[in-house]
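# Understanding the architecture of this molecule
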Amino acid sequence: MTLNDTAEEFIAKFNAENDRLRALQEESERDWEYESELRAAREADAAAELYWSGRTNAAYGAGDW
């Protein structure tokens, strides 16, 4: 094994690890986007529930039932 072989092996391992880390980063970003969308949907659902429960309570209090 020559110094050149060792350097090429190191570069190959470095590139493979870099590719692995890049894939993990991309997966993490997709997970974060999904979690953000899920959080926004939950917040919207909670806001809609609050809105409609308020309307229902107001209608009930006004005798509109």
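Residues numbered from 1 in each chain as written. Predicted model: local features only at pLDDT ≥ 70, side-chain atom pairs only at ≥ 80, totals over all residues. Heavy atoms only, no water.

Let us now look at a nonpolar patch on the surface. Where nonpolar side chains cluster on the molecular surface, the patch consists of Phe10, Ile11 and Phe14 and spans about 340 Å² of accessible area. You can call Ile11 partly exposed: its relative accessible area is 46%. (Patch = residues over 30% accessible without salt bridge, like charges linked within 9 Å, V, L, I, M, F, W, Y side chains within 5 Å. Areas by Shrake-Rupley, 256 points an atom, 1.4 Å probe, with all protein chains shown as cover. Salt bridge = Lys/Arg side-chain N within 4 Å of Asp/Glu carboxyl O. Buried < 20%, exposed > 50% of the residue type's maximum accessible area, 1.4 Å probe, protein only.)

This part covers the pattern of salt bridges. On inspection of all chains with the given rule, the structure shows three salt bridges. Across the pair Glu17 and Arg20 runs a salt bridge, and its minimum N-O distance is 2.7 Å. Of this pair, Glu17 and Arg20 both sit in helix 1 (residues 3-61), separated by three residues, roughly a single helical turn. The shortest N-O distance in the salt bridge between Arg22 and Asp19 comes to 3.3 Å. Taken as a pair, Arg22 and Asp19 lie in helix 1 at a separation of three residues, close to a single helical turn. (Helix = DSSP H or I, 4+ residues; strand = E, 2+ residues; numbered from the N terminus.)

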